[in-house]
Amino acid sequence: MDITRLQNDSSGPRIVFRTRCLTKVYEMGALKVHALRGIDLEFYAGELVVLLGPSGSGKSTLLNILGGLDTASGGQVTYLGKDLTRAGDRELTEYRRYHVGFVFQFYNLIPSLTAIENVAVVTEIANKPMKPEDALAVVGLADRQDHFPSQLSGGEQQRVAIARAISKNPDVLLCDEPTGALDSATGVVVLEALERVNRELGTTTVIITHNVDIAGMADRVVHLSNGLVTTIHKNTSRKSPADLHW
Amino acid sequence: MKALDHKLWRDLWKMKGQALAICLVIASGVCTYVMLISTMQSLNVTRDMFYGDYGFSDVFAPLKRAPENVARRVTEIPGVSQVETRVVANVKLDVRGFPEPVNARLQSIPDDGKPVLNRLFIRRGRSVDPAKDNEVIVSEAFADAHRFSPGDSLGAVINGRWKTLVIVGIALSPEFVLQTRPGAISPDYKRYAILWMGRTPLGTAYNMKGAFNDLVVTLSPGARAEDVISGLDNLLERYGGLGAYSRENQISHRFLTEEFKQLQRSAQIFPVIFIAVAGFLLNVVISRTVSTQRDQIAALKAFGYDNLSIGIHYVKMVLLIVLIGVAIGIGAGIWLGRGLGRIYMEFYRFPYLMYELKPSVAITAGMISIFSALAGTLFSVRAASLLPPAEAMRPEPPARFRRTVLEHIGLGRVLSQPTRIILRNMERRPVKTMLTVTGISLSSAVMIAGMFSKDAVDFMVDVQFRLHHREDMSVTFVDPASKKALYELKRMRGVVYAEPFRSVPCRLRFGHRSYRTSVEGIEQGSRLYRLLDMSLQAIDVPRSGIILTDYLGSMLGIRGGDMLTVEVLEGNRPEIRVPVAGLVKQYIGLMGFMDLSELNKVMKEGNAISGAYLSVDEKYRPEIYRRLVEMPRVAGAVVRKDEIRNFYETQAEALLFFTFVASVLGGIIAFGVVYNSARISLAERSRELASLRVLGYTRGEISYIFLGELACLTLVSIPPGFVIGKGICIYVAKALESDLFRIPVIIGNGTYALAAAVVLVSACLSGLIVRHRLDHLDLVAVLKTKE
Ligand SMILES: Nc1ncnc2c1ncn2[C@@H]1O[C@H](COP(=O)(O)OP(=O)(O)OP(=O)(O)O)[C@@H](O)[C@H]1O
Ligand SMILES: [Mg+2]
C-alpha cells in the first residue's frame, strides 16, 4: 500500500478515515458479542475527535480497527482512500509503522526497557522520528528517562506511552483513554502535548475518554453506545486543555 | 533494533538460572558428541596413519612349517602384492622379581632388521644384531609394565632351552596395537609380551632354517581378501596351514574396530537424548516467556514491527542460549576427548595420538542443537506473532480446570485442599506433565545406560571366571601330549587336582557358512571347566555329538540335531561330521565342545591332550610357577586370579571415567528439567500461592502445594527412567554383539539406586533453590502486577 503523506486540499477538508457499515463480532464459542453494529463515520485531516461512550460500547474496538490492530467482521474502513479491511498483514504492519501513533488503554510498556528505550523501540523503526529525549521532554519526563516501568507510577507510565506514540511524528494519533490514570494536573500536561502535536503538525487525533469535560478540547465529539454512533457534536471553538477541569 | 537487543539481554538476565540449566543440558549433549566422535576419529586417523606408515599387512596365514621357496608361489596367487615370511613361537618368560607365569609371542624380523610388512616403530634403543642370538626387541606395553629399558635382560625358555635375552630396543607394531594373548578377555601387559628376534637365531632355535611358520601378505589394489585367503589355504594345506584370515579377524585390529563401533553407537544415543531434552526445555521456557510477553509482542506489532523481526528477536534469545551451550560443550568435549584418548592410549599402543577435532564435528554438533532448539521454540513464537495485536493485548483467559480422575472415582473426600490443587494442576496440562516426567526419566536412563557396562562386565567376568572356568591355573603344552604329561603335573607338589583338555583348531561349516575356531575336548564330569546351559546351570558334556556356543549356533544357522562339518586344521587334518547335541551360554568367544575321548577317537590320535586345568594349593604357587617354567613340554600357564585382577586393573580407569561422566550428565539433565519446571510453575503460580498466603496458609503449606507437585513428578519418573535405561542398554548390547563377546543386559541394583539417587538429589537441590524464592515471595508485589 503506497500512502503518500497528507497534503492540503483546496476542496474542503480531506477525509483521512472513512468507515462504512463497520461491524465487529467477537465469537466466544456459541456466544456472539456484537461490539460494533454498523459504524458510518468520517475523520478529517488535522481534526481532533473525542470518542465518548459507556463502558463496553465499542470505543476501543473501533480505535483498534482504525489503527490496524484488529480486523473488522464486516463493512469497510479506508485510510486516505485505501481499503484497510482488505489490507494484508504486511500492508497493515507498514501502515502501523509509518502512519499510526497509538496510546494503549493499558500503556503496554515493555517492562525490561527503560523509559527512553521504550520510546526508542518505536523511533528506531520510524521514518522521521523525534529524538526519544525530546519526546519524553514533551510529556515532562525528561528526568525519568532511565527508569524502568516498574519504577514509574501509573501516570508516568501513561506519559511514557504517549511520548512513545508521538515520537514518530505519526500522521494519525489514536489514544485509548490517555488520561485514565492521571490526576487532573498531569492530565492537562498530557492533553496539552497531544493538542500541540495536533495543532502544530496537523496530526489527525482520536481520543477515547470517559471524561465528558475533555470533550471540550475536540473539534468533534462522537458518542458511541452499544456498538452504534448515537450523536456527533461539533464544537464551534476548541477549548485549550489548560481550561479543562475535572 | 538496538532497543530490542537491550530487551533481549535483560530478559535473558532475568531467566539466567533457567538459561544456564538449559545451556548445561545442551553443553552435555554437545560434549558427549564431541568427546566420543573426536576420540573415535582421532583413534581412526592415528590407526590409519600408523597402519599406512608401518605397512600393516592385509592377510595373515599361520602354518606348521613350509620351506622358504613357498613364498615365491604365494606371490603368484592373484591379488597378492607383498609377501613376508616369518618364524613365530610362543615362549615362556622369566622376569626377575615377578614370580608369576609370563607368556610371550616371539616373532622374527629379517636379519637386516627391516621387515617389509608390519615394520616396527622403535621407541627406544635399536634393532637387533643378527649376529647375536640373544638380542630381542620388546613391545612397549610390556616394557612399561615392568619398567624395562634397553640393556635389561630377562629369561626365556626357547624351544625347551633356557636362555637369557638382552633387551636392545622397545618397539610398537601395527600388528599389536592391542597387545593381547589369544583367548584372553583383556590385554595383560605384565603377563603377556611380544618379542622380536633376528630371523637367523630364531630360525636356528626352532629348526626353521630356510623355512617359516607364519606368513603375512598385502593385497594388490582391488583384490578381494577372500580370494587370496582361499588361494593361501589351498597352497598351505600341505604345509600344515592353520587357516588364513584377513585383517577383520586379526585380533588387535578387530578389537579396535569394535571399540570404534561402540564409540559410534554411544555418539548416536547420548547426544540425541540431551539435545531432545534441551529442545523440550527450550520449548517450555520460551513458550512460557512468549506467553507472558504476549502483550509486549502485541505492542511491538502495533508500532509496526513485522512478524519476522519479532520472530528473530526470540530466535536470537534461543540462539544465544544454544550457542553458549554449544561453546561450553565443544570446550568440555575436547577436554574430555583428550582424557578419553589418553585412557585409550593405555590400551591401544600407538606411537603417537593424533588428537583432532574435525571442524565438521563441531559444526554438526552446533547445527543439530540449533535446529532442534529452534524446532522446539519456533512454534510458540510463531503462534504468538500471528495473533492480531488487539487480541494479543488481552490477557490470556484463566486456565480451565477439571476435577481429577482421582476425585471422580470418589477419592476426593480424603484429599486435602492442597493435594487437590497438586493433582488438578498436573492433570490440567497432561502433555506438559508427561514431557516433564519423560525429561526427568531420561536423566536416570542416561545414567543407567552410561554405567551399564560396569554391571554387564562384572557379570561377564563372573560367568566366565567363576562358573565357566574354575581352575586356579591352566597349562598348555607345546604339542599335544599323552595322558602321561597330566600325571607329571598331578605329581607336582601343591597340585591338588588336575583335569586334561584338548583344544583342536578347526573350521566349522554348516551349509555355506563357516567359522574358524577351536573345538575343546573335556572329560566327563569335569569340575574345573564347566559348560553352562542357557540359564547358566552347569551341564555335562554329552558323550557324543558336539556342543556349540549359542551365538555360534545362530551365526551358522544350525540347530540341535543338525550335522556340523568340522574341518580340523591340525595333524592329518581329518574332516568329520558330527551332530549338534546342543547349545551353551558363553559371553566371550565362540567354541565347540566335545567329550575328550570322543574327540580323540574322531581325531584318531589315542589319548592326546593339549593342556590341563589345575587346582593348586596357594602355598606352593611360586614353586609351581618355577617348575612350569622349567618343564620343556609346557608352552605357557595362565593364572585365573591374575587374569581377573588384571582385567579390573586395566578396565578400572575407563569404567570410573564413564561412571563419573554418566552421573554428572544424568545429574545435569535431572537438575535442568526439575529446575526449569519448578521455575516455570513458580512464575505461573506465584499469584495463586501468594493469594493462599494472604488467606492464611503457612509457608510450609504453600511449599507442600508447590514442591509436592515436583516431588510427585520426580518419583513418578523414576520407574519409566529405569525402563528406558534398560531399553537403551538392550539396544547397545544388541548393536555391539559380535563373535568376540556378547554383552549381557545386566543392570545391578546399585546402578538403579545410584541413578535414582542422583535424580532425587538434583531434584531436591532445585527444589531447595526454588523454595528459597517461595519463602521470599513478595506478597504485595505479586498481587499488584498484572499477569
Ligand atoms: N476479544 C474480545 N472477545 C470477546 N469480546 C470482546 C473482545 N474485545 C471486546 N469484547 C467485547 O466487545 C465489547 C466492546 O468492547 P470495547 O473494549 O470496545 O469497549 P470499550 O467501549 O472500549 O469499553 P471500556 O470503556 O470499558 O474500555 C464489550 O462488550 C467487550 O466485552
Ligand atoms: Mg476500552
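This structure is a prediction, so every number in the text was calculated from the model and none was measured. (Residues numbered from 1 in each chain as written. Chains lettered and ligands numbered in written order. Predicted model: local features only at pLDDT ≥ 70, side-chain atom pairs only at ≥ 80, totals over all residues. Heavy atoms only, no water.)

Undergrad: Honestly, the packing of helix 2 (residues 16–53) of chain B against helix 10 (residues 359–386) of chain B in this entry has me stumped. Any pointers?
TA: Packed helices, taken two at a time, are described by the angle between their axes plus the distance between the axes. Residue and element names in this part refer to chain B. Closest axis-to-axis distance for the helix 2/helix 10 pair is 10 Å, and the angle between their directions is 150°. Regarding the angle of helix 2 to helix 10, the classification is roughly antiparallel. Viewed along their axes, helix 2 and helix 10 form a crossing whose handedness is right-handed. Where helix 2 approaches helix 10, its residues I26, V30, Y33, V34, I37 and Q41 are matched on the opposing element by V361, T364, A365 and S369. Along the lines of polarity and charge, the residues of the contact of helix 2 with helix 10 split into seven nonpolar, three polar and no charged. (Axes fitted to C-alpha atoms, helices over the stretch in contact; angles between N-to-C directions. Helix = DSSP H or I, 4+ residues; strand = E, 2+ residues; numbered from the N terminus. Parallel < 35°, antiparallel > 145°, perpendicular 65-115°, else oblique. Left-handed = near helix turned anticlockwise from the far one by under 90°. Contact = heavy atoms within 4.5 Å. Nonpolar A, V, L, I, M, F, W, Y, C, P; charged D, E, K, R; others polar.)

Undergrad: Got a minute to help me understand the confidence of the model for chain A in this structure?
TA: On average, chain A scores 87 in pLDDT, and the residues at 70 or more come to 94%. Long-range and interchain partners of residues 1–10 of chain A, a stretch whose pLDDT sits below 50, account for 20 contacts in this model, where long-range means more than four residues apart. (pLDDT = per-residue confidence, 0-100.)

Undergrad: Please clarify how the pairing of strand 18 (residues 563–568) of chain B should be interpreted in this entry.
TA: Residues in a regular strand point their side chains to alternate faces of the sheet. All names here are of chain B. Among the six residues that make up strand 18, five are buried, leaving the element largely enclosed by the rest of the structure. Relative to strand 18, strand 13 (residues 495–510) runs antiparallel, the two sharing four bridges. Each bridged residue has a counterpart across the sheet, and for C506 the counterpart in strand 18 is V568. Bridge analysis of strand 18 against strand 19 (residues 575–584) gives five bridges, and the strand direction is antiparallel. Its bridge partner being in strand 19, E567 is matched across the sheet by E575. Where strand 18 folds back onto strand 19 in an antiparallel hairpin, the turn is made up of six residues, including G571, whose phi is positive at roughly 60°. (Buried < 20%, exposed > 50% of the residue type's maximum accessible area, 1.4 Å probe, protein only. Pairing = 2+ DSSP bridges.)

Undergrad: Hey, could you run me through the site of ligand 1 in this one?
TA: If you check the shell around ligand 1, you find 16 residues, and the closest are S55, G56, K59, S60 and T61 of chain A. Nearby residues around ligand 1 are contributed by chains A and B. Y26 of chain A places a polar side-chain atom, nitrogen or oxygen, 3.5 Å from a nitrogen atom of ligand 1. Between an oxygen atom of ligand 1 and a side-chain N or O atom of T61 of chain A, the distance comes to 2.5 Å. When the free accessible area of ligand 1 is taken as 630 Å², the share hidden by the protein chains comes to 76%. Of all the elements in the fold, those that place two or more residues in the shell around ligand 1 are strand 1 (15–28), strand 2 (31–44) and helix 1 (59–66) of chain A. The element best represented in the shell around ligand 1 is helix 1 of chain A, accounting for three residues. (Near = heavy atom within 4 Å. Polar contact = N/O pair within 3.5 Å; in protein donor to acceptor, adjacent residues only side chain to side chain. Areas by Shrake-Rupley, 256 points an atom, 1.4 Å probe, with all protein chains shown as cover.)

Undergrad: Is there a simple way to explain the sheet that holds strand 8 (residues 204–208) of chain A in this structure?
TA: Where strands meet in a sheet, backbone hydrogen bonds hold them as pairs that are either parallel or antiparallel. Residues and elements named next belong to chain A. One open sheet holds the six strands; their spatial order is 6-7-8-3-9-10, and the pairing between them is mixed. Both outer strands of the open sheet, strand 6 (100–103) and strand 10 (228–234), are each paired with one neighbouring strand and no more. Along the sheet, successive strands turn relative to each other by an average axial angle of 15°, direction set aside. Across four bridges, strand 3 (residues 48–52) lies against strand 8 in parallel orientation. Along strand 8, the bridge assignment pairs L51 with I208.

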